[in-house]
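Residues per chain are reported as follows:
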2 protein chains.
Amino acid sequence: MSDDKLKPLREQIDSIDAQILELLNRRARVAEQVGHVKAETNAPVFRPEREAQVLRKVADMNPGPLVAADVQTIFREIMSSCRALERRVVVAYLGPPGTFSEQAVYQQFGHAIEGLPCASIDEVFRATEAGTADFGVVPVENSSEGAINRTLDLLLQTTLSISGEVSIPVHHSLMTKSGTMDGIRRICAHSQTLAQCQVWLNLNCPGIERVAVASNGEAARMAADDPTTAAIAGEIAGQRYNLGVVKAHVQDDPHNRTRFVVIGRLQPGASGKDKTSLALAVPNKAGAVYNLLAPLATHGVSMTRFESRPARTGTWDYYFYVDVEGHQQDEKVDRAFAELRQNSAFFKILGSYPLSLN
Amino acid sequence: MSDDKLKPLREQIDSIDAQILELLNRRARVAEQVGHVKAETNAPVFRPEREAQVLRKVADMNPGPLVAADVQTIFREIMSSCRALERRVVVAYLGPPGTFSEQAVYQQFGHAIEGLPCASIDEVFRATEAGTADFGVVPVENSSEGAINRTLDLLLQTTLSISGEVSIPVHHSLMTKSGTMDGIRRICAHSQTLAQCQVWLNLNCPGIERVAVASNGEAARMAADDPTTAAIAGEIAGQRYNLGVVKAHVQDDPHNRTRFVVIGRLQPGASGKDKTSLALAVPNKAGAVYNLLAPLATHGVSMTRFESRPARTGTWDYYFYVDVEGHQQDEKVDRAFAELRQNSAFFKILGSYPLSLN
């Protein structure tokens, strides 16, 4: 009987668990002392750069057999529960609860927090600016649909800083009004989504026309109106328009992700592996972009993202959203920014924050 | 400067973290040996009764200052990642990803698993019966809208057993087409939801008629059709019908929950604190219910849930869904069931499983 062999092993596990439990609480008592020191100086409860360092360190030191990413999940919860002894951090996010935004909150802060679901991206900013929430989590970019414009607009105006980023995998499904492909004559989706699904579509729907539309949400709306149209979109969009799923997970790239940023009054210090987000504008779009960015190259600062966006607000035709490697306190970043600021008509550091783990 | 005081404390924490990391991997190595023993006898990777016992034990032994529920969250992830070294358990659930069903999956299995989102409750059963998934997670009951009928129907027919339960808090919002209360003449929701929100409604909407409808989803649909109607419903229903949120979290009872069951080929052993779910039918509804249930009282078995439901399938007018305290292997439960089975025209044990922690 295998239970005879299992019993001594389970006793070993129980004994290890008791030791882990003891250490967890010893850690919590030290964390409480940290809390007292912080309270004396009004220092923030949540220090993203410190937590990022701890998560990197345990992954680096991990001897196995546990998988490093799983160890990080465990330590994220350990830090979350220790932090909660000082105070449960309140985090506003784009509700409703039970969506990817809430998952992004847990992925950044662990589960020992107070989530505050908000009805709109604007409300997440307001709740965080007003201090109702310590932090807000908002979507900023979707790898198949591009930038979330409302977030970009609000980042220009807010007094809050970006203090972290989180990315969450997203999945696309082929959906129709009937839930079958009977009578379907075209498949609609955003062009990037169609591109990501092309291997699957070539194999499974070779004869059907593909039409690129403004967004996957728009494709879902069209499929709801027209029984000859199929949409490729997230299933939440499909639910909104009452579509049936023909086939789930049709994208070729399993790494399709939505990126969220964490916003707050906190400005994290350097963690050693950081990123800085900027918003810029120049009076004359055509000639000035190259000159604008020259200081980054000169000072050896790598740009990891560059996006231009027509201005809806303010004086300029275009805003440029730029992510660079490094922290604004890093010497070379600081020097590059000083020159960049001189070249720009509008210059705003949106925040420096630890690189996300995934 | 507070950083001078923090540094030695952080060094203590780093040293404790290194010890925790070492113990976690020592635990993982013992878990690998458990896996080898199990593989010899084809024993299941996931033993819900064993995991429930570990979670109860660490909560009972927890000396603090950590909160017991937070310690359980940490240990759930520890067990999940150790289990993943044998094999990542595949869990089917009612998709799309990013919903409460997915949260229920993580709450039962931790994050080190493979989730399989399905388009319908039927598909979750099929994927689990076919062995594509090791387990399925389906909603069975909502504290404001009652039973999920499709799940109850499928439980009657399936060869799978219930091996666990999970409950997740749900929130209701007041929503309208415009997102404001301008011109609203009535508020619709399921009667239980109206009852749960009555304190808030009396204070905030004293003059507005309240109308009980079949479900909160139906209320949301009505509000989408009629600009004078407001709905109280989950925000996911509101999103589906493009409603605006007037006020989030209007229910008086913060413990409003959706209950999920875990289904699988596995039949868990007794964990010490268990529940057993039954489905029963008797030929003549009116007279026979009391007699039907008498054996439970005789043998001192507590009934924690009793629900009748008109039969859509099969020979009987009504099916009764009964939950009792204890495991089917417990002597008094076994005796009571033997008599119950004689009284019933239809008798099926849906499963014995550990009581949920929350």
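About the criteria used
Residues numbered from 1 in each chain as written. Chains lettered and ligands numbered in written order. Predicted model: local features only at pLDDT ≥ 70, side-chain atom pairs only at ≥ 80, totals over all residues. Heavy atoms only, no water. UniProt positions renumbered as here; feature names shortened; annotations may be inferred. Pairing = 2+ DSSP bridges. Helix = DSSP H or I, 4+ residues; strand = E, 2+ residues; numbered from the N terminus. Axes fitted to C-alpha atoms, helices over the stretch in contact; angles between N-to-C directions. Contact = heavy atoms within 4.5 Å. Buried < 20%, exposed > 50% of the residue type's maximum accessible area, 1.4 Å probe, protein only. Buried area = accessible area lost by both parts, 1.4 Å probe. Salt bridge = Lys/Arg side-chain N within 4 Å of Asp/Glu carboxyl O. Polar contact = N/O pair within 3.5 Å; in protein donor to acceptor, adjacent residues only side chain to side chain. Nonpolar A, V, L, I, M, F, W, Y, C, P; charged D, E, K, R; others polar. Parallel < 35°, antiparallel > 145°, perpendicular 65-115°, else oblique. Left-handed = near helix turned anticlockwise from the far one by under 90°. Least-squares fit on C-alpha atoms with pLDDT ≥ 70 in both. Domains from an automatic or database assignment.

The name an unreviewed UniProt entry assigns to chain A is Bifunctional chorismate mutase/prephenate dehydratase, from the organism Noviherbaspirillum aridicola. Checking UniProt for chain A, the heading Subcellular location (unreviewed entry) contains the comment "Cytoplasm". In UniProt, chain A has this text filed under Function (unreviewed entry): "Catalyzes the Claisen rearrangement of chorismate to prephenate and the decarboxylation/dehydration of prephenate to phenylpyruvate."

Trainee: Tell me about the sheet that holds strand E8 (residues 209-213) of chain B, and please be specific about residues and values.
Mentor: Residues and elements named next belong to chain B. The five strands lie next to each other as E8-E7-E9-E6-E10, forming an open sheet whose pairing is mixed. Edge strands, defined here as strands with exactly one partner in the open sheet, are E8 and strand E10 (244-247). Recorded for the sheet is a direction-independent mean angle of 35° between the axes of neighbouring strands. Relative to strand E9 (residues 229-233), strand E7 (residues 186-190) runs parallel, the two sharing three bridges. Residue pairing for E9: Ile187 is matched across the bridge by Ala230. Packing against the sheet, helix H9 (residues 216-225) makes contact with strand E6 (173-176), E7, E8 and E9, and its axis sits at approximately 150° to E9.

Trainee: Describe helix H4 (residues 100-109) of chain A, and please don't skip the residues or the numbers.
Mentor: Residue and element names in this part refer to chain A. Among the ten residues of H4, eight are classified as buried, and the element is accordingly described as predominantly covered. Taken residue by residue, H4 has Phe100, Ser101, Glu102, Gln103, Ala104, Val105, Gln108 and Phe109 as its buried positions. One or two residues past the end of H4 sits Gly110, with phi positive at roughly 70°.

Trainee: Lay out the interface of chain A and chain B with the relevant residues and their values.
Mentor: The partner chain B presents 75 residues to the 74 residues of chain A that form the contact. Summed over both sides, the interface of chain A with chain B buries roughly 7,100 Å², with 67% coming from carbon and sulfur. The interface formed by chain A and chain B contains ten salt bridges. Across the salt bridge formed by Arg27 of chain A and Asp17 of chain B, the nearest N and O atoms sit 2.6 Å from each other. Seen at the junction of chain A and chain B, the total is 14 residue pairs in polar contact (both at pLDDT 80 or more). Breaking the side of chain A that touches chain B down by element, the ones donating at least two residues are helix H1 (2-40), helix H2 (48-61), helix H3 (68-86), H4 and helix H10 (235-240) of chain A. The leading source of residues in the side of chain A that touches chain B is H1 of chain A, at 30 residues. Its residues placed into classes, the side of chain A that touches chain B shows 35 nonpolar, 19 polar and 20 charged.

Trainee: Provide a residue-level description of the packing of helix H5 (residues 121-129) of chain A against helix H6 (residues 149-157) of chain A, including the pertinent values.
Mentor: Residue and element names in this part refer to chain A. Relative orientation of the contacting elements H5 and H6 amounts to 30°, with a least axis distance of 9 Å. The orientation of H5 relative to H6 falls into the category roughly parallel. Considering only the axes of H5 and H6, their crossing is right-handed. Across from Ile121, Asp122 and Phe125 in H5, the residues of H6 making contact are Arg150, Thr151, Leu154 and Leu155. Of the residues in the contact of H5 with H6, the class split is four nonpolar, one polar and two charged.

Trainee: Tell me about the relation of the copies chain A and chain B, residues and numbers included.
Mentor: It takes a turn of 180° to lay chain A on chain B, together with a shift of 0.0 Å along the axis; the resulting RMSD is 0.1 Å. Here the transformation between the copies is reduced to the relation of a two-fold axis. Minimal C-alpha separation from the rotation axis in chain A is found for Arg240 of chain A, amounting to 1.8 Å.

Trainee: Lay out the domain arrangement of chain A with the relevant residues and their values.
Mentor: Residue and element names in this part refer to chain A. When the domains of chain A are assigned, the result is domain 1 (18-86), domain 2 (89-170 + 256-265), domain 3 (173-250) and domain 4 (267-358). Distance from the C-alpha centre of domain 1 to the C-alpha centre of domain 2: 23 Å. Summing both sides of the interface, domain 1 and domain 2 together bury roughly 770 Å²; the carbon and sulfur share of this comes to 57%. Considering only the side of domain 1, the residues that lose the most area to domain 2 are Phe46, Arg76 and Glu77, jointly responsible for 54% of the buried surface there. Counting across the domain 1 and domain 2 interface gives zero salt bridges. Where domain 1 meets domain 2, there are five residue pairs in polar contact (both at pLDDT 80 or more). With six residues, the top contributor of residues to the side of domain 1 that touches domain 2 is H3.

Trainee: Residues and numbers for the environment of Val282 of chain A, please.
Mentor: By the secondary structure assignment, Val282 of chain A is in the loop between strand E12 (274-281) and helix H11 (285-298). For the pair Val282 of chain A and Phe320 of chain A, spaced 38 residues apart in sequence, the C-alpha separation works out to 8.8 Å.

Trainee: Describe the sheet that holds strand E15 (residues 346-354) of chain A, and please don't skip the residues or the numbers.
Mentor: All names here are of chain A. Here four strands make up an open sheet; going across it, the order is E13-E14-E12-E15 and the pairing antiparallel. Of all strands in the sheet, those bounded by a partner on one side alone are strand E13 (303-310) and E15. On average, each strand axis in the sheet is inclined to that of its neighbour by 15°, with strand direction left out of account. Sheet topology note: the E12/E15 ladder contains eight bridges and is antiparallel. In the strand pairing of E15, Lys275 is matched with Tyr353. Against the sheet, helix H12 (residues 331-343) makes contact with E12, strand E14 (318-325) and E15, and its axis sits at roughly 160° relative to E15, the strand it touches most.

Trainee: Can you lay out the pattern of salt bridges for me, pointing to particular residues and giving the numbers?
Mentor: Should their charged atoms come close, side chains of opposite charge can pair. Following the criterion strictly, the structure yields 45 salt bridges over all chains and no others. Residues Glu40 of chain B and Lys5 of chain A are paired through a salt bridge, measuring 2.9 Å at the closest nitrogen-oxygen approach. Of this pair, Glu40 of chain B sits in helix H1 (residues 2-41) while Lys5 of chain A sits in helix H1, which puts the two residues in different chains. Classification of Glu40 of chain B as exposed rests on a relative accessible area of 56%. Its relative accessible area of 46% is what places Lys5 of chain A among the partly exposed residues. Two residues, Lys7 of chain B and Glu11 of chain B, come together in a salt bridge whose shortest N-O distance is 3.6 Å. Of this pair, Lys7 of chain B and Glu11 of chain B both sit in helix H1, four residues apart, which is roughly one turn of the helix. Given the relative accessible area of 54%, Lys7 of chain B is considered exposed. Assessed through its relative accessible area of 46%, Glu11 of chain B is described here as partly exposed.

Trainee: Lay out unusual backbone geometry in plain terms, naming residues and giving numbers.
Mentor: All names here are of chain A. Here the amide bond leading from Gly64 into Pro65 is cis, since omega sits at 10°, within 30 degrees of zero. When you line up the elements, Pro65 lands in the loop between H2 and H3. Although it is not a glycine, His249 sits at a positive phi angle of roughly 55°. By relative accessible area, His249 is classed as partly exposed at 33%.

Trainee: Account for the packing of H2 of chain A against H3 of chain A, with residues named and values stated.
Mentor: Residue and element names in this part refer to chain A. With their axes 9 Å apart at the nearest point, H2 and H3 run at an angle of 145° to one another. Like other packed secondary-structure pairs, H2 and H3 cross with a definite hand, here right-handed. In this structure, H2 contributes Glu51, Val54, Leu55, Arg56, Val58 and Ala59 to the contact, and H3 contributes Ala68, Val71, Gln72, Phe75, Arg76, Met79 and Arg83. Across the contact of H2 with H3, the residue classes break down as eight nonpolar, one polar and four charged.

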